[in-house]
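Now for the letters of each chain:
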Amino acid sequence: MSRLDFTPYRRSTVGFDHLFDLLENKVRQNAGDNYPPFNIERRGDEEYRITLAVAGFRPNDIDITAQQNLLTVHGRKRDDSPEGQMLHVGIANRGFERRFELADYVRVENADLADGLLTIDLVREVPEAMKPKKIAVNGQTTKLKAVGSGDGEQVDAA
């Protein structure tokens with residue numbers, strides 16, 4: 001098991017404990033279960049797509065739960081009885097649970113199951129109050145020279 005040591009970063013940062021704990025827990029929890037396989041794709045500045053290969057699952061067999069900073073995809077195994085005698089079983093029909101940690105303000109926009117692939121579209125929507133904004137110092141306005149004034153008089157550009 002590889003061990004990550006974030007001690008140098010913990011000494012020089014404030015408020016990132018949750019991030020470091022998350023990374024350390026993921027290393028510990030990585031038990032090697034890679035079922036079902038998945039891709040994570042960045043589709044734009046604020047858009048992402050998770051694609052899981054879930055061959056043999058129907059939409060009713062899959063539950064997707066989004067809660068604050070956590071997306072859980074749970075697949076239930078069906079109890080279908082084969083019509084004949086199975087000589088080889090190579091298609092996995094087992095239940096699964098995949099968890100994805102989401103950043104703040106990331107929400108699920110859409111989920112679709114087609115051709116054995118479950119696609120989950122995500123978008124990050126930062127609230128207007130959280131976006132950066134310009135702050136005027138002492139309430140001053142910017143002064144610009146008026147066009148065509150030869151004496152250099154000042155005009156407020158507020």
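Coordinates for the structure precede this section.
Residues numbered from 1 in each chain as written. Predicted model: local features only at pLDDT ≥ 70, side-chain atom pairs only at ≥ 80, totals over all residues. Heavy atoms only, no water.

### Quick look at the pattern of salt bridges
Working definition: two side chains of opposite charge can pair if their charged atoms are close together.
(1) Moving on: Under the defined criterion, the tally for this structure stands at six salt bridges.
(2) Moving on: Measuring nitrogen to oxygen at the nearest pair gives 3.3 Å for the salt bridge that ties glutamate 41 to arginine 43.
(3) Moving on: Of the charged contacts in the structure, one is a salt bridge between arginine 99 and glutamate 97, with a shortest N-O distance of 3.0 Å. (Salt bridge = Lys/Arg side-chain N within 4 Å of Asp/Glu carboxyl O.)

### Topic: the pairing of strand 5 (residues 96-101)
(1) Moving on: Burial along strand 5 is one-sided: Phe96, Arg98 and Phe100 are buried, while Glu97, Arg99 and Glu101, pointing the other way, are not.
(2) Moving on: Pairing geometry for strand 4 (residues 70-75) and strand 5, over six bridges, is antiparallel. Its bridge partner being in strand 5, leucine 71 is matched across the sheet by phenylalanine 100. (Buried < 20%, exposed > 50% of the residue type's maximum accessible area, 1.4 Å probe, protein only. Helix = DSSP H or I, 4+ residues; strand = E, 2+ residues; numbered from the N terminus. Pairing = 2+ DSSP bridges.)

### Structural notes on the sheet that holds strand 7 (residues 117-124)
(1) Moving on: The sheet built from four strands is open, its strands ordered 1-2-7-6 with antiparallel pairing. A strand with exactly one partner marks an edge of an open sheet, and here the two such strands are strand 1 (38-42) and strand 6 (106-114). Strand-to-strand twist across the sheet, computed as the mean angle between neighbouring axes with direction ignored, equals 15 degrees.
(2) Moving on: Relative to strand 2 (residues 47-53), strand 1 runs antiparallel, the two being bridged by five bridges. Bridging from a neighbouring strand, isoleucine 40 pairs with isoleucine 50 of strand 2. (Axes fitted to C-alpha atoms, helices over the stretch in contact; angles between N-to-C directions.)

### Quick word on the sheet that holds strand 3 (residues 62-67)
Strand pairing in a sheet takes place through backbone hydrogen bonds and is either antiparallel or parallel in direction.
(1) Moving on: Strand order across the open sheet formed by three strands is 3-4-5, with antiparallel pairing between neighbours. Each edge of the open sheet carries a strand with a single partner, namely strand 3 and strand 5. Neighbour-to-neighbour, the strand axes of this sheet turn through a mean angle of 10 degrees, independent of strand direction.
(2) Moving on: As paired strands, strand 3 and strand 4 are joined by six bridges and run antiparallel to one another. Within strand 4, the position partnered with aspartate 63 by the bridge is histidine 74.

### What about the side chain of aspartate 61?
(1) Moving on: Examined against the element boundaries, aspartate 61 turns out to sit in the loop between strand 2 and strand 3.
(2) Moving on: Excluding anything up to four places from it in sequence, aspartate 61 contacts Gly56, His74, Gly75, Arg76 and Arg78. (Contact = heavy atoms within 4.5 Å.)

### Description of the pairing of strand 6
(1) Moving on: Relative to strand 7, strand 6 runs antiparallel, the two sharing eight bridges. Residue pairing in the sheet places arginine 107 in a bridge with valine 123 of strand 7.
(2) Moving on: Linking strand 6 to strand 7, which pair antiparallel, is a turn of two residues; within it aspartate 115 sits at a positive phi near 55 degrees.

### Some points on a nonpolar patch on the surface
(1) Moving on: Taken together, Phe16, Leu19 and Leu23 make up a surface patch of nonpolar side chains, about 250 Å² in accessible area.
(2) Moving on: For leucine 19, the location among the structural elements is in helix 2 (residues 17-29).
(3) Moving on: Looking at leucine 19, the relative accessible area reads 40%, which means it is partly exposed. (Patch = residues over 30% accessible without salt bridge, like charges linked within 9 Å, V, L, I, M, F, W, Y side chains within 5 Å. Areas by Shrake-Rupley, 256 points an atom, 1.4 Å probe, with all protein chains shown as cover.)

### Comments concerning unusual backbone geometry
For residues that are not glycine, phi is negative in most cases, and the peptide bond is trans in most cases.
(1) Moving on: Cis geometry is adopted by the peptide bond preceding proline 36, which originates at tyrosine 35 and carries an omega value of -10 degrees.
(2) Moving on: Along the chain, proline 36 turns up in the loop between helix 2 and strand 1.
(3) Moving on: Unlike most non-glycine residues, aspartate 115 shows phi in positive territory, near 55 degrees.
(4) Moving on: As for its placement among the helices and strands, aspartate 115 is situated in the loop between strand 6 and strand 7.

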